[in-house]
Amino acid sequence: MRTINHNTKFEVSELKDRPLISVEHVTKSYPGEIVALDDVSFKIKEGEFICLVGPSGAGKSTIVKMLIREEIPSKGEIYVANRNICQIKRYQIPYFRRKIGVVFQDYKLLDHKTVSENIVFALEVSEASDDEIKIRVPKILNLVGLIDRAAVFPNSLSGGERQRVSIARALVHSPKILIADEPTGNLDPDTSQDVIDLLRKINSAGTTVILATHDKGSVDQINRRVIKLEKGKLTEDRMSGGYGK
Ligand code: ADP
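These numbers come from a predicted model, not from an experiment. (Residues numbered from 1 in each chain as written. Predicted model: local features only at pLDDT ≥ 70, side-chain atom pairs only at ≥ 80, totals over all residues. Heavy atoms only, no water.)

Engineer: Go over the site of the ligand, please, and point to the residues and values.
Structural biologist: Near the ligand, the surroundings consist of Y30, I34, A36, P55, S56, G57, A58, G59, K60, S61 and T62. The contact in question runs from an oxygen atom of the ligand to an N or O atom on the backbone of G59, over 3.0 Å. At 2.9 Å from an oxygen atom of the ligand is found a side-chain nitrogen or oxygen belonging to K60. If the ligand stood free it would expose 560 Å²; the protein chains cover 63% of that surface. Of all elements in the fold, only strand 2 (34-44) and helix 2 (60-67) reach the threshold of two or more residues within the shell around the ligand. The biggest single contributor to the shell around the ligand is helix 2, with three residues. Of the residues belonging to the shell around the ligand, the class tally is five nonpolar, five polar and one charged. (Near = heavy atom within 4 Å. Polar contact = N/O pair within 3.5 Å; in protein donor to acceptor, adjacent residues only side chain to side chain. Areas by Shrake-Rupley, 256 points an atom, 1.4 Å probe, with all protein chains shown as cover. Helix = DSSP H or I, 4+ residues; strand = E, 2+ residues; numbered from the N terminus. Nonpolar A, V, L, I, M, F, W, Y, C, P; charged D, E, K, R; others polar.)

Given below as structure tokens:
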């Protein structure tokens, strides 16, 4: 006979009600009275596409670093998938990071490895089995449209293709959240468009996407929720629409 544990039931219903990400009154200060973030709060639900915007120095990258637990707030709390990530232990950080894929402006690819080896490497460090690697790698390369470039080294790829490899690598653990920090910063408008289209496709498949950018064109075109930072403060949070002023 199955026994119902009421405490467990209660926890489950609580989990359901909480958003995927909750940034609560976060302040980040650095020595020299630099305030990178000043009492910033927002919540993100599963499946959302967020554009995190603001001029250079507004605090966008600082938010990204907090969300991947590269930095911790000076004040405030951050919850991701119901965990207070400010309190997770150092040894738990790699496991936590598998929930989040991250893409940077400068790709961060291994130049001495081919496209597919770059992706295999990301899987190997997490001790994936050979069978899993054989299945996952072509699937991900197909998703980002690079199956034909699998055996090529990064230095013979275009900027847009390199960024698609870094997106592929970010997706190896099927993360719930994909964070892209200025992913189109080094790309021309046409190539940027391809990368934005890919992020939208990934979002349509259910992954929550956070795009930190100051590229007005991309934000206007995406036309989804916009969170704006200025001088470390959250100054706008609109459910849809372009970059604004
Ligand atoms: P953005 O990504 O919007 O360009 P950042 O988050 O990189 O902005 O930076 C916000 C502010 O915090 C800037 O004034 C920046 O100089 C400062 N800052 C960021 N990281 C550090 C750090 N490690 N040490 C000192 N100041 C920092």
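Engineer: Outline the sheet that holds strand 4 (residues 75-80), listing residues and values.
Structural biologist: The strand order 2-1-4-5 describes an open sheet built from four strands, whose pairing is antiparallel. Whereas interior strands pair on both sides, the edge strands pair on one side only; in this sheet they are strand 2 and strand 5 (83-84). The pairing of strand 1 (residues 21-30) with strand 2 spans seven bridges and is classified as antiparallel. Along strand 2, the bridge assignment pairs Y30 with I34. (Pairing = 2+ DSSP bridges.)

Engineer: Give me the pattern of salt bridges: which residues, what numbers.
Structural biologist: Enumeration according to the criterion identifies ten salt bridges in this entry. Of the charged contacts, one joins E24 and K43 as a salt bridge, the two residues approaching to 3.9 Å between their closest N and O atoms. Of this pair, E24 sits in strand 1 while K43 is found in strand 2, placing the two residues 19 residues apart along the sequence. Taking relative accessible area as the criterion, K43 reaches 46% and is therefore assigned partly exposed. One salt bridge in this structure joins K216 and D220, with 2.9 Å as the shortest N-O distance. Note that K216 and D220 are positioned in helix 8 (residues 216-222) at a spacing of four residues, about one turn of the helix. (Salt bridge = Lys/Arg side-chain N within 4 Å of Asp/Glu carboxyl O. Buried < 20%, exposed > 50% of the residue type's maximum accessible area, 1.4 Å probe, protein only.)

Engineer: Go over helix 7 (residues 189-204) with me, naming the residues and quoting the values.
Structural biologist: Taking 1.5 Å of rise per residue, 16 residues should cover 22 Å, and helix 7 covers 22 Å from first to last C-alpha, within 8% of that figure. Along helix 7, the positions that sit buried rather than exposed are T191, S192, V195, I196, L198, L199, I202 and N203. Seen from one end, helix 7 has its buried residues packed into an arc of 155°, which puts them on one side. When the buried face of helix 7 is taken as reference, the exposed residues oriented beyond 90 degrees from it are P189, D190 and S204. Buried residues along helix 7 sit against strand 3 (49-53), helix 5 (130-143), helix 6 (159-170), strand 7 (177-181), strand 8 (208-212) and helix 8. A distance of 3.2 Å separates the backbone nitrogen of D190 from a side-chain oxygen at the start of helix 7, and that oxygen is part of D188. Once helix 7 ends, the next one or two residues include G206, with phi positive near 115°. (Expected span 1.5 Å × (residues − 1). Arc of directions from axis to C-beta. Contact = heavy atoms within 4.5 Å.)

Engineer: Any chance you could break down the packing of helix 4 (residues 115-124) against helix 5 for me, citing the residues and the numbers?
Structural biologist: Running from amino to carboxyl end, helix 4 crosses helix 5 at an angle of 130°, the nearest separation of the two axes being 10 Å. Considering their axes alone, helix 4 and helix 5 lie oblique with respect to each other. As for how helix 4 packs across helix 5, the hand of that crossing is right-handed. Residue-level contacts link V115, S116, I119, V120, L123 and E124 of helix 4 to I133, R136, V137 and L141 of helix 5. Partitioned by chemical class, the residues of the contact of helix 4 with helix 5 number seven nonpolar, one polar and two charged. (Axes fitted to C-alpha atoms, helices over the stretch in contact; angles between N-to-C directions. Parallel < 35°, antiparallel > 145°, perpendicular 65-115°, else oblique. Left-handed = near helix turned anticlockwise from the far one by under 90°.)

Engineer: Please provide a residue-by-residue account of the side chain of R225, values included.
Structural biologist: Mapped onto the elements, R225 comes out in strand 9 (residues 225-230). For R225, a relative accessible area of 7% translates into the label buried. Leaving out residues up to four positions away in the same chain, R225 has contacts with F42, K43, I44, E48, F49, I50, C51, D237, R238, M239 and S240.

Engineer: Hey, could you go over unusual backbone geometry for me, with residue numbers and the actual values?
Structural biologist: Positive phi values are uncommon outside glycine, yet R69 reaches one of about 60°. Positive phi outside glycine occurs at Y107, with the angle close to 65°. The topology assignment puts Y107 in the loop between strand 6 (100-104) and helix 4. For Y107, a relative accessible area of 11% gives the class buried.

Function cannot be read off these values alone, since they describe shape.
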